[in-house]
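Okay, here's what each chain looks like letter by letter:
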Amino acid sequence: MSREDEVERIRRIRDRQIQMRDPQIKQKKLQKHISRRRRSSLEAFDFTRIFTDLPKVITYTLIGVLLGLLALLILPYVIQAAWSDKLGLAILLITTSFGAVFGRAVDTRDRLRDV
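Described below are features of the structure shown in this document.

Parameters at a glance
Residues numbered from 1 in each chain as written. Predicted model: local features only at pLDDT ≥ 70, side-chain atom pairs only at ≥ 80, totals over all residues. Heavy atoms only, no water. Phe/Tyr/Trp six-rings, centres within 6.5 Å; stacked < 30°, edge-to-face > 60°. Helix = DSSP H or I, 4+ residues; strand = E, 2+ residues; numbered from the N terminus. Buried < 20%, exposed > 50% of the residue type's maximum accessible area, 1.4 Å probe, protein only. Axes fitted to C-alpha atoms, helices over the stretch in contact; angles between N-to-C directions. Parallel < 35°, antiparallel > 145°, perpendicular 65-115°, else oblique. Left-handed = near helix turned anticlockwise from the far one by under 90°. Nonpolar A, V, L, I, M, F, W, Y, C, P; charged D, E, K, R; others polar. Lys, Arg positive; Asp, Glu negative; His and termini not counted. Salt bridge = Lys/Arg side-chain N within 4 Å of Asp/Glu carboxyl O. Contact = heavy atoms within 4.5 Å. Patch = residues over 30% accessible without salt bridge, like charges linked within 9 Å, V, L, I, M, F, W, Y side chains within 5 Å. Areas by Shrake-Rupley, 256 points an atom, 1.4 Å probe, with all protein chains shown as cover. Charge placed at Lys NZ, Arg CZ, Asp CG, Glu CD.

Observations concerning the packing of aromatic side chains
- Per the counting criterion, the structure on display carries 2 aromatic pairs.
- An angle of 80° between the planes, with centres 5.2 Å apart, marks the rings of Tyr60 and Phe102 as edge-to-face. Residue Tyr60 is found in helix α4 (residues 56–78), and its partner Phe102 is found in helix α5 (residues 84–114); the two are separated by 42 residues along the sequence.
- The class of Tyr60 is partly exposed, set by a relative accessible area of 26%.

Quick look at the packing of α4 against α5
- Axis separation between α4 and α5 bottoms out at 7 Å; the angle between their running directions is 165°. As far as their axial angle goes, α5 and α4 are roughly antiparallel. Here α4 runs over α5; the crossing is right-handed.
- Class assignment for the residues of the contact of α4 with α5 results in 16 nonpolar, 9 polar and 4 charged.

Regarding the side chain of Asp107
- Turning to its location among the elements, Asp107 is positioned in helix α5.
- It turns out Asp107 is buried and unbridged, and the closest side chain with the opposite charge, Arg111, is 4.7 Å from it.
- When near neighbours in sequence (up to four residues on either side) are disregarded, Asp107 contacts Pro55, Lys56 and Val57.

Details of the side chain of Thr59
- Checked against the element boundaries, Thr59 lands in helix α4.
- Accessibility expressed as a relative area gives 11% for Thr59, which makes it buried.
- What Thr59 contacts, discounting residues up to four positions off in sequence, is Phe51 and Leu54.

Some details on a positive patch on the surface
- Side chains of Lys28, Lys32, Arg36 and Arg39 sit close together on the surface and give a patch of like positive charge.
- Looking at where Lys28 falls in the secondary structure, it is placed in helix α2 (residues 23–41).

Focus: the pattern of salt bridges
- Inspection of the entire model under this criterion finds 5 salt bridges.
- A salt bridge links Glu6 to Arg9; its shortest N-O distance comes to 2.8 Å. Here Glu6 and its partner Arg9 are both found in helix α1 (residues 3–20), 3 residues apart, which amounts to about one turn of the helix.
- Classification of Arg9 by relative accessible area gives partly exposed; the value is 33%.
- Residue Asp110 is joined to Arg109 by a salt bridge in which the shortest nitrogen-to-oxygen separation is 3.4 Å.
- Taking the relative accessible area as the measure of exposure, Arg109 reaches 46% and is therefore partly exposed.
- Beyond isolated ion pairs, a larger network of salt bridges with shared partners links Arg109, Asp110 and Arg113.

Structure follows, in structure tokens:
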């Protein structure tokens, strides 16, 4: 073995020892562990949770609007009259207001239950 081979072998051994004692490795492992725990603690997105977190006034108003729009779209096919569009708009306004009033009542009931 020549002198250069021996120096190269010692250099490799020293580099390997430095890598084994490298604090970056422990820190990276700790960061991976923390990020993995953080990802597992987060809840998955649930579309139905959007409607459960909204106040009931908004939810029931939207339901009333959808029912009114459905009536507005279907009514001209059921009733072949000139006033069917006006009746559909009236139904839209009535279902929207009924949904808002009903939603407010449910919210008020929930607030009173918390007291």
